[in-house]
Amino acid sequence: MPRYVYCCPKHGRFERILRVSDHRRIVECECGTDSPQVITPITVVIPSHMSATGVSAYESPVSGEIITTQRQRANDLAAHDCIEYEPGMKQDTDRRVIEDDARLDKLVDETFDREFTAMPSDKREALVNEIASGATAETVRI
Ligand SMILES: [Zn+2]
């Protein structure tokens, strides 16, 4: 199973080993804080029609090997922690992405509010003036 790295705003980075199907872009730290993923791994999903009644020869998108049998396909999927595509999977993923984005936006807003409130008042005032004079801020995921 792949290892995912998340970053708790309070405790820093931590890892989770999850099945691909259980992967989330935000998980809770042990302290209960929503923690966004640091690096997005590549997930390969292969359509199930290719294996339903036999395998049309294809090149493994992960290893580049030519796959011609059910056994090769099963081994290739297992070796790279891939799963068969099932109907509805994309909709589930799209829904989770929307949910995770909303949670991430909330987390960014909360973090900004917390950091802004904790700033010395002169820095806070300087920032307010900078924004009022037309400076723009951009959220960058690192
Ligand atoms: Zn934490």
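A short tour of the structure in this document, coming up. (Residues numbered from 1 in each chain as written. Predicted model: local features only at pLDDT ≥ 70, side-chain atom pairs only at ≥ 80, totals over all residues. Heavy atoms only, no water.)

**Considering the coordination of the zinc ion**
Argument step 1. Around the zinc ion, the protein supplies Cys8 (SG), His11 (ND1), Cys29 (SG) and Cys31 (SG) as donor atoms, at distances of 2.0 to 2.4 Å.
Argument step 2. Note that the zinc ion binds 4 donor atoms; their angles at the metal cover 104 to 121°, and the shape is tetrahedral.
Argument step 3. Judged by relative accessible area, which is 1%, Cys8 ranks as buried. (Donors = N, O, S within 2.8 Å, 3.2 Å for Na, K, Ca; no water. Tetrahedral: all angles 85-135°; square planar, octahedral: opposite > 155°, others 65-115°. Buried < 20%, exposed > 50% of the residue type's maximum accessible area, 1.4 Å probe, protein only.)

**Overview of helix α1 (residues 70-79)**
Note: α-helices contain 3.6 residues per turn, so residues at a spacing of three or four share the same orientation.
Argument step 1. Among all positions in α1, only Arg73, Asp76 and Leu77 are buried. Down the axis of α1, the buried set is contained in an arc of 95°. They therefore lie on one face. Facing away from the buried surface of α1 by more than 90 degrees, the exposed residues are Arg71, Ala78 and Ala79.
Argument step 2. Following α1 by one or two positions, Asp81 has its phi on the positive side, about 50°. (Helix = DSSP H or I, 4+ residues; strand = E, 2+ residues; numbered from the N terminus. Arc of directions from axis to C-beta.)

**Things to note about the pattern of salt bridges**
Argument step 1. Per the stated rule, a full pass over the model turns up 9 salt bridges.
Argument step 2. Between Glu99 and Arg95 there is a salt bridge, and its shortest N-O distance comes to 3.2 Å. A residue pair is termed a helical-turn pair when its members lie 3 or 4 positions apart in one helix, as Glu99 and Arg95 do in helix α2 (residues 89-118) at 4 residues.
Argument step 3. Residues joined in a network through salt bridges with shared partners are Arg24, Asp92, Arg95, Glu99 and Asp100. (Salt bridge = Lys/Arg side-chain N within 4 Å of Asp/Glu carboxyl O.)

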